[in-house]
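The lines below spell out each chain.
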Amino acid sequence: MEFRSGLTVISPGEVPSILIGVARREIPVFVLATEGRVDRESFFRAVRETLPLDPPLVSSRSWDALSDSLWEGIHKLASSHAVIVWRDVVLPDAGSDGDDFQIALSVLQDVAESLTDPRATSGTPKVVSVYVAAASKA
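Residues numbered from 1 in each chain as written. Predicted model: local features only at pLDDT ≥ 70, side-chain atom pairs only at ≥ 80, totals over all residues. Heavy atoms only, no water.

This part is about the pattern of salt bridges. Summed over all chains, the structure comprises three salt bridges. Note that R37 and E35 form a salt bridge whose closest N and O atoms lie 3.4 Å from each other. Taking relative accessible area as the criterion, R37 reaches 42% and is therefore assigned partly exposed. Judged by its relative accessible area of 64%, E35 falls in the exposed class. K76 serves as the salt-bridge partner of D54, at 2.3 Å between the closest nitrogen and oxygen. (Salt bridge = Lys/Arg side-chain N within 4 Å of Asp/Glu carboxyl O. Buried < 20%, exposed > 50% of the residue type's maximum accessible area, 1.4 Å probe, protein only.)

Next up on the list: the environment of V127. Checked against the element boundaries, V127 lands in strand β4 (residues 127-135). C-alpha of V127 to C-alpha of D117: the two residues are ten residues apart in sequence and 10.0 Å apart in space. Among residues more than four places away in sequence, those in contact with V127 are F3, R4, S5, S80, H81 and A82. (Helix = DSSP H or I, 4+ residues; strand = E, 2+ residues; numbered from the N terminus. Contact = heavy atoms within 4.5 Å.)

Next up on the list: helix α2 (residues 40-50). Burial in α2 covers these residues: S42, F43, F44, A46 and V47. With a side-chain oxygen lying 3.2 Å from the backbone nitrogen of E41, the N-terminal cap of α2 falls on D39. (Polar contact = N/O pair within 3.5 Å; in protein donor to acceptor, adjacent residues only side chain to side chain.)

A surface patch of nonpolar side chains, about 170 Å² in accessible area, is lined by L19, V29 and V31. Structurally, the position occupied by V31 is in strand β2 (residues 29-32). (Patch = residues over 30% accessible without salt bridge, like charges linked within 9 Å, V, L, I, M, F, W, Y side chains within 5 Å. Areas by Shrake-Rupley, 256 points an atom, 1.4 Å probe, with all protein chains shown as cover.)

Once that is clear, we can look at the nonpolar core. Core analysis: the biggest nonpolar cluster contains 32 residues, and L32, F43, L66, I74, I84 and W86 have the highest contact counts within it. Only β2, α2, α3 (63-75), β3 (81-90), α4 (96-114) and β4 provide two or more residues apiece to this core. Ignoring sequence-local partners within four residues, the contact set of W86 consists of L32, T34, R37, V38, F43, F101, A104, L105, L108, Y131, V132 and A133. Counting residues in each nonpolar core, the second largest holds ten residues, with V15, V22, I27 and V83 among its members. (Core = buried A, V, L, I, M, F, W, Y, C linked by side-chain atoms within 4.5 Å.)

Okay, structure coming up:
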């Protein structure tokens, strides 16, 4: 399995094969769990509990602060690769949770893409693969 930078939406059934592929290549993997919720608070909480952040975040007020902290946290990893799996997404209806979900996806994608830039990373780019395991509401 080849891991590339960027965000990919997958089915929940694909998560085990990704985790096996990551383990075989000894790539750091971070598994986000939000218990099916995609609201701002649940996402920020999962990120604070799971992902490397620098500086640490204490609130859920700023998407920009989250993005900056996540970027720096991943950039400081010793590995040139990292995988993020958001394993339990239930796709939201339109509304505030849907807006939060789209912003969360945008943050993850932007961080993954910007960490590939040798100039932005002072010559130490990262390959960050983000997998969002999403299912529709039953």
